[in-house]
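# Commentary on secondary and tertiary structure
Below are the chains, spelled out letter by letter.
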Amino acid sequence: MERTVAGEAAGTRLDAWLAGALPDLGRNRAKRLIQEGRVSVGGRTIVEPKRPVKPGEIVAVDLPPPAAAEPAAEPIALNVVYEDADLIVIDKPAGLVVHPAGGHETGTLVNALIAHCGASLSGIGGVARPGIVHRLDKDTTGLMVVAKNDRAHRSLTKQFADHGRTGALERGYKAIVWGAPDRPQGTIVAPLGRSNRNREKIEVKRDGQGREAVTHYRVAERYGPAARPLAALVECELETGRTHQIRVHMASIGHPLIGDRAYGSGFATKAALLPEPARDIAASFRRQALHAWLLGFEHPVTGEEMRFESPLPADMAELAGALRQSQA
């Protein structure tokens, strides 16, 4: 599909111009298509959405085929920790997106669950999110529970909405961060919302803006000189469940997660302060060092208190081990 830039559009951002030239796309999808290398100008692929257009330029768009209306079953291996007729608990690996969304229409946890559970998944979440009552970021590992029928879905959703204030819900995370908080434990209370500068990022909001967000943390291990630790293993518990909550909250107190390129890129040079092999492992860590190690809840049918734990995944265990050895 091709369109020619008119004279009055000179200087307009490519994504904005494309959204206007093809109204069915919308600005966000136009931006994604550019970033995916599906847009060319004068025969040259452009991947920068803010690149200004010039009169007379011919813009070509390679539109992908439409995604299926409903997610399809895909034979993706799952690490099943527990399963019965009402729910399934899985240990999610890094790189696995929870549900289909823009840019990730296939290869998600939902596709794997449909293949594993068949028609037994709860329908309350809709066709794109059957059984999903909470989520983890793509590159966060750890425990998730999924409802297999509507009764379980309603009960689990209520428990997650309560955030364990009055019920049995527990959510524990382990994070490896740069530096270490001065206090052995503490609570971060800071409202969160979408960044005004980058809608894909979350930021702490002030002046009554944003949604309530509360994170409790405890320093489990410090790595490096006692007076000035280079890194730490921190255990976090959520009192609210906001997008990127732990990542943004820890960064807000000066201790972003190792490997977090969205919220901790300014700390990447700290890896040079570490001795080998911790230096190379930390510098090349490919994701935010965050793992959902603890999940507890009340069984939605039997009322039994369920509690599951997951050890650190191999990459975080290797990082923690190298940091621990570096101070020996």
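These remarks concern the structure in this document.

On to the overall build of the chain, then. Each helix and strand in the chain was counted, giving seven helices and 15 strands. If one aligns the C-alpha atoms of the chain with their principal axes, the spans along those axes are about 65 × 50 × 40 Å. Considering only residue pairs separated by 6 or more positions, the chain has 65% of its internal contacts joining residues 24 or more positions apart. Counting only carbon and sulfur atoms, one obtains 49% of the accessible surface of the chain, whose full area is about 16300 Å². Here the chain holds 42 positive side-chain charges and 38 negative ones, and the gap between their average locations is 6 Å.

What follows covers the environment of L143. Looking at the element boundaries, L143 is found in strand 7 (residues 141-147). Spatially, the C-alpha atoms of L143 and H291 are 8.3 Å apart, while their sequence positions differ by 148 residues.

Now for the environment of G208. Looking at the secondary structure, you find G208 in the loop between strand 11 (202-204) and strand 12 (214-223). Through-space distance from the C-alpha of G208 to that of P191 is 8.2 Å; in sequence the pair is 17 residues apart.

Once that is clear, we can look at the sheet that holds strand 1 (residues 2-4). In sheet architecture, strand pairing relies on hydrogen bonds along the backbone and comes in two forms, parallel and antiparallel. With respect to topology, four strands assemble into an open sheet ordered 1-4-2-3, the strand pairing being antiparallel. The outermost strands of the open sheet, each flanked by one partner alone, are strand 1 and strand 3 (44-45). As paired strands, strand 1 and strand 4 (residues 58-61) are joined by three bridges and run antiparallel to one another. Note that in strand 4 the partner of R3 across the bridge is V59. Where helix 1 (residues 14-21) meets the sheet, its contacts fall on strand 1, strand 2 (39-41) and strand 4, and the angle it forms with strand 4 comes to roughly 75°.

On to helix 1. Within helix 1, burial applies to L14, D15, W17, L18 and A19. Each element contacted by the buried residues of helix 1 is listed here: strand 1, helix 2 (27-35), strand 2 and strand 4.

The next thing to look at is the pairing of strand 9 (residues 185-189). Alternating positions in strand 9 separate cleanly, G186 and I188 being buried on one face and Q185, T187 and V189 remaining unburied on the opposite face. Of the strand pairs in this sheet, strand 9 and strand 12 are connected by five bridges, and their pairing is antiparallel. Bridge assignment links Q185 to a residue of strand 12, and that residue is R218.

This brings us to empty space enclosed by the protein. If you walk through the whole model with that rule in mind, you get one cavity of 30 Å³ or more. If you add up the space inside the largest cavity, you get close to 40 Å³. Considering the residues around the largest cavity, the lining is formed by H134, L136, L143, R171, G172, Y173, A292, L294 and L295. When contributions to the lining of the largest cavity are tallied by element, the ones reaching two or more residues are strand 8 (170-178) and strand 14 (290-298). Here the lining of the largest cavity is built from residues that sort into six nonpolar, two polar and one charged.

All chains considered together, the criterion is met by two aromatic pairs. Linked through ring pairs, Y82, F297 and F308 together constitute an aromatic cluster. Taking NZ or CZ as reference, K174 lies 4.7 Å from the ring centre of W293, over its face.

Conventions adopted
Positions within a chain are numbered from 1, following the residues in the order the chain's sequence is written. In keeping with the predicted nature of the model, local features appear solely for residues at pLDDT of at least 70, side-chain atom pairs appear and are counted solely at 80 or more, and the whole-chain, interface and lining totals rest on all residues. With hydrogens and water excluded, all non-hydrogen atoms of the structure serve as input to the side-chain values. To qualify as a helix, a DSSP run of H or I must reach at least 4 residues; to qualify as a strand, a run of E must reach at least 2; elements of each kind are numbered from the N terminus. Contact between two residues is taken to exist if any of their heavy atoms lie within 4.5 Å; hydrogens are not considered. All accessible areas in this document rest on Shrake-Rupley with a 1.4 Å probe, and a residue is counted as covered only by the protein chains that are shown. Neither His nor the chain ends contribute to the count of charged residues, in which Lys and Arg are positive and Asp and Glu negative. To locate a charge, take NZ of a lysine, CZ of an arginine, CG of an aspartate or CD of a glutamate. A pair of strands is labelled paired if DSSP reports no fewer than 2 bridges between them. Here, axes are lines fitted to C-alpha atoms. For helices the fit covers the stretch in contact, and angles between N-to-C directions go from 0 to 180 degrees. When accessible area is computed with a 1.4 Å probe and restricted to protein chains, residues below 20% of their type maximum are described as buried, those above 50% as exposed, and intermediate ones as partly exposed. In this analysis, the protein atoms alone were mapped onto a 1 Å grid. Cavities are point sets where a 1.4 Å probe fits without being able to get out; pockets are open sets with protein on both sides within 12 Å along at least five of seven lines; lining residues have an atom within 4 Å of a point. Grid points are joined across faces, edges and corners, and a volume is the space filled by probe spheres set on the points. Residues are sorted three ways: Asp, Glu, Lys and Arg are charged, Ala, Val, Leu, Ile, Met, Phe, Trp, Tyr, Cys and Pro are nonpolar, and all the rest, Gly among them, are polar. Stacked, tilted and edge-to-face pairs are distinguished by plane angle, under 30 degrees for stacked and over 60 for edge-to-face with tilted covering the rest, among Phe, Tyr and Trp rings (Trp via its six-membered ring) whose centres lie within 6.5 Å. Remark: a charge is flagged as sitting over a ring if the NZ atom of Lys or the CZ atom of Arg is within 6 Å of the ring centre and within 35 degrees of the ring normal.

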